[in-house]
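Structural overview
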Amino acid sequence: MLIGKRPDIPSSAITPKDQYLNRRRFLRGAVATGVAALGAERLAEVFSPRTGALAGTKLETVKSPLTTTGEELTSLEDITHYNNYYEFGVNKDEPAKNAGVLPTRPWTVRVEGKVKAPKTFDIEALLKLRPLEDRVYRHRCVEAWSMVIPWVGYSLSEFINQCEPLSTAKYVQFLSYYDKHVEKWASASTISWPYSEGLRMDEAMNPLALLTFGLYGEVLPNQDGAPIRIVVPWKYGFKSAKSIVAVRFLDKQPPTTWNDQAQSEYGFYSNVNPIVDHPRWSQKTERRIGKAFYAQRRTTLMFNGYGDQVASLYKGMDLKKYF
Ligand SMILES: Nc1nc2c(c(=O)[nH]1)N[C@H]1C(S)=C(S)[C@@H](COP(=O)(O)O)O[C@H]1N2
Ligand SMILES: [Mo]
């Protein structure tokens with residue numbers, strides 16, 4: 001899946017062979033065929049010794065029928081410099097500055113709870129589980145701004161099937177990486193870490209829910225949730241947990257970070273809904289992040305425009321009550 005990029009790397013940047021061999025041991029067996037496409041020097045360059053960062057590495061992708069078309073993409077610059085990632089600071093520009101220390105290799109995702117048997121998936125195996133798709137989605141933050149992001153990943157349902165959940169699993173919880181020594185900005189907020197989010201099982205199985213590894217055809221930048229995150233395009237952005245290390249199947253609704261912070265402001269469902277306002281601001285319109293700041297105000301769409309695919313999940317539910 002991983003394809004070398006940036007043929008312009010100066011030879012001075014190429015790592016000496018002994019270091020390469022050390023990293024090679026560290027990567028043992030993990031990357032198999034994917035990395036065969038990379039030259040030895042490129043591989044060493046890509047895996048920085050400190051973080052194992054892969055950001056900027058090209059991913060091999062296929063087109064997806066589930067992509068949103070016709071809308072101008074938000075620039076890579078905006079997608080990577082206007083972030084919410086509180087573990088790396090509460091201001092929008094902080095994750096880009098601070099998330100470089102996130103150790104994205106080695107990386108595993110633990111699966112536990114109501115499953116046939118608990119297991120752990122290595123990130124390299126997850127990258128190869130299914131063909132990676134290019135999927136453009138609208139991204140709507142509860143703060144009333146939005147973007148259009150070309151993600152790379154495959155349906156979360158494909159992964160959930162591999163987890164072999166039991167019939168008693170009604171909800172799924174996602175837990176983000178947390179290490180207070182690495183994410184030293186996290187203690188500035190009152191959030192109890194790790195970041196936790198969750199979906200009802202049928203929501204998680206909807207093909208639009210994306211297990212995400214990249215954007216703009218490349219490995220996710222750390223500030224966007226490397227090396228693996230969830231994207232749920234019909235819900236407010238906070239439902240889409242970044243840098244996940246554990247997935248838990250449960251018979252009860254899991255506690256979730258923003259709901260714990262302010263129950264009356266952030267519901268468990270948090271479907272994008274222009275007729276249910278946040279107690280402190282309207283959700284009727286949104287600001288599309290981009291060049292023309294004031295020209296970009298637009299009407300917010302029910303379920304962020306994905307109603308055809310997801311409205312049936314909420315049939316008969318009072319969405320003012322289950323906001
Ligand atoms: N672990 C973690 N995941 C998180 C957040 C966070 O602070 N920590 N912020 C959420 C919010 S509020 C939004 S809008 C999206 C932002 O994703 P982006 O920065 O890739 O646009 O990530 C969500 N996932
Ligand atoms: Mo958000």
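The model shown is predicted, which means the values in this text are computed figures rather than measured ones. (Residues numbered from 1 in each chain as written. Chains lettered and ligands numbered in written order. Predicted model: local features only at pLDDT ≥ 70, side-chain atom pairs only at ≥ 80, totals over all residues. Heavy atoms only, no water.)

Concerning the environment of tryptophan 145
For tryptophan 145, the location among the structural elements is in strand β7 (residues 145-155). Aside from chain neighbours lying at most four places away, what touches tryptophan 145 is Tyr82, Asn84, Lys92, His139, Arg140, Arg287 and Ile289. A polar contact is formed between the side chain of tryptophan 145 and the side chain of glutamate 143, at a distance of 2.7 Å. (Helix = DSSP H or I, 4+ residues; strand = E, 2+ residues; numbered from the N terminus. Contact = heavy atoms within 4.5 Å. Polar contact = N/O pair within 3.5 Å; in protein donor to acceptor, adjacent residues only side chain to side chain.)

Considerations on the pattern of salt bridges
Side-chain pairs of opposite charge can arise whenever the charged atoms involved come near each other. What the rule picks out here adds up to 20 salt bridges. Arginine 280 is the salt-bridge partner of glutamate 265, the closest N and O atoms lying 2.6 Å from each other. With a gap of 15 residues between them, glutamate 265 in the loop between α9 (257-261) and β14 (285-288) and arginine 280 in the loop between α9 and β14 connect regions that are remote in the sequence. Judged by its relative accessible area of 56%, arginine 280 falls in the exposed class. Via salt bridges that share partners, Glu71, Arg138, Arg140, Glu286, Arg288 and Arg298 belong to a single interconnected network. (Salt bridge = Lys/Arg side-chain N within 4 Å of Asp/Glu carboxyl O. Buried < 20%, exposed > 50% of the residue type's maximum accessible area, 1.4 Å probe, protein only.)

Structural notes on the site of ligand 1
Around ligand 1, the structure places 17 residues, and the nearest of them are Glu87, Asp224, Arg229, Ser240 and Lys242. Between an oxygen atom of ligand 1 and a side-chain N or O atom of lysine 242, the distance comes to 2.7 Å. Burial of ligand 1 by the protein chains amounts to 98% of its free accessible area of 540 Å². Partitioned by chemical class, the residues of the shell around ligand 1 number seven nonpolar, six polar and four charged. (Near = heavy atom within 4 Å. Areas by Shrake-Rupley, 256 points an atom, 1.4 Å probe, with all protein chains shown as cover. Nonpolar A, V, L, I, M, F, W, Y, C, P; charged D, E, K, R; others polar.)

With respect to the nonpolar core
Among the nonpolar cores identified, the biggest contains 79 residues, and Leu156, Phe159, Trp234 and Phe249 are the most heavily contacted of them. Examining the composition of this core, we find that six residues originate from one element, β7, more than from any other. Filtering out sequence-adjacent residues up to four positions away, phenylalanine 249 remains in contact with Val111, Glu112, Gly113, Lys114, Val115, Ile160, Cys163, Pro165, Ala169, Tyr171, Val172 and Met201. (Core = buried A, V, L, I, M, F, W, Y, C linked by side-chain atoms within 4.5 Å.)

Re the side chain of arginine 200
Here arginine 200 lies in strand β9 (residues 196-200). Taking relative accessible area as the criterion, arginine 200 reaches 14% and is therefore assigned buried. Among the polar contacts listed, one links the side chain of arginine 200 to the side chain of tyrosine 269, at a separation of 3.3 Å. Polar side-chain contacts of arginine 200 include one of 2.7 Å to the backbone oxygen of leucine 313. Among all residues touching arginine 200, those that are not within four sequence positions of it are Lys170, Tyr171, Phe268, Tyr269, Leu313, Tyr314 and Met317.

Points about the sheet that holds strand β5 (residues 119-122)
With mixed pairing, five strands are arranged side by side in an open sheet as β5-β4-β13-β8-β9. Across the chains shown, the open sheet's two edge strands, defined by having one partner strand only, are β5 and β9. On average, adjacent strands in this sheet sit at an angle of 20° to one another, irrespective of strand direction. With five bridges joining them, strand β8 (residues 171-176) and β9 adopt antiparallel strand pairing. What sits directly across from glutamine 173, in β9, is glycine 198. Packed on one face of the sheet, helix α7 (residues 156-163) meets β4 (108-113), β5, β8, β9 and β13 (244-250) and runs near 135° to β5. (Pairing = 2+ DSSP bridges. Axes fitted to C-alpha atoms, helices over the stretch in contact; angles between N-to-C directions.)

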